[in-house]
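Listed below are the residues making up each chain.
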Amino acid sequence: MCDTLRVRWTVTPKTAPQPWIACGGCGGLRAFQSSDKIRLNANGRKLDAWLIYKCLTCDKTWNRPLFERQNVRDIDPATLEALQSNDIRWIRTESFNLDALKRKSQRIDEFPEFDIAREVLSETAGWTRLEIELVVPLPAGIRLDRLLASELRLSRTRLQTLHGRGLLGTSSDRADILRRRIRTGIEVVIDLATVADRELSWGPLATGSPR
């Protein structure tokens, strides 16, 4: 629309989830953190792969299985190369694999801290609407209302009021969307037609650019 400031926020969590595992060194359940290192074991044409975790208390290691006794020719070439080169980006993505972690641990700590990159997609003079497109490349343990409140400097009560008055909408039809975790594809639309200083007050917060 011609009256809209449209931005994209890419939100990336800073800390990978930490599973709680029975630690042989401590003698009880402890939080483990990814070491960002892969362990491989080849047996003929079969390959085992693990992501190595370390106990935050005593540094004892836990090898989280990625796969076992996998035929090398059945492994995606890009995945095999990432494993053999200890590709940090591939490993970081795998360390956020919550489904895999839940199969090995009943408790997983997630963290709300994140980095955010803002990009202006389109802007017209005198805009009255703000549209925010979210990109969340890794599972993030932050709710939509907390993200908007922190980045737009609003209280969550104010956000709920805007939502209730129809001045804040989303691409989701869920009534509780503001209390849900953020994910790629969510779009937030805020009607700011009655805010006189929106370009000076809301603009810099939405775009990350000083005015």
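Source: prediction; values computed, not measured. (Residues numbered from 1 in each chain as written. Predicted model: local features only at pLDDT ≥ 70, side-chain atom pairs only at ≥ 80, totals over all residues. Heavy atoms only, no water.)

1. Overview of the pairing of strand β5 (residues 61–71)
With eight bridges connecting them, strand β4 (residues 46–55) and β5 associate as antiparallel partners. Across the sheet, residue Ala49 finds its bridge partner in β5, namely Phe67. Hairpin connection, β4 to β5: the antiparallel pair is bridged by five residues, and Asp59 has positive phi, about 75°. (Pairing = 2+ DSSP bridges. Helix = DSSP H or I, 4+ residues; strand = E, 2+ residues; numbered from the N terminus.)

2. Points about empty space enclosed by the protein
As enumerated under the stated definition, the model contains one cavity of 30 Å³ or more in all. Of the voids in this model, the largest cavity is the one considered here, and its volume is about 30 Å³. Forming the walls of the largest cavity are Pro13, Thr15, Pro17, Phe96, Glu110, Phe111, Pro139 and Gly141. Within the lining of the largest cavity, the residues separate by chemical class into five nonpolar, two polar and one charged. (1 Å grid on protein atoms, 1.4 Å probe; cavity = no way out; pocket = protein on both sides within 12 Å on 5 of 7 lines; lining within 4 Å. Points joined across faces, edges and corners; volume = space filled by probe spheres on them. Nonpolar A, V, L, I, M, F, W, Y, C, P; charged D, E, K, R; others polar.)

3. Section: unusual backbone geometry
Positive phi, close to 75°, is recorded for Asp59, a residue that is not glycine. Checked against the element boundaries, Asp59 lands in the loop between β4 and β5. The backbone phi angle of Arg69 is positive, close to 50°, even though this residue is not glycine. Among the structural elements, Arg69 can be located in strand β5. Using a relative accessible area of 49% as the deciding quantity, one classes Arg69 as partly exposed. (Buried < 20%, exposed > 50% of the residue type's maximum accessible area, 1.4 Å probe, protein only.)

On their own, these measurements won't tell you what the molecule is for.
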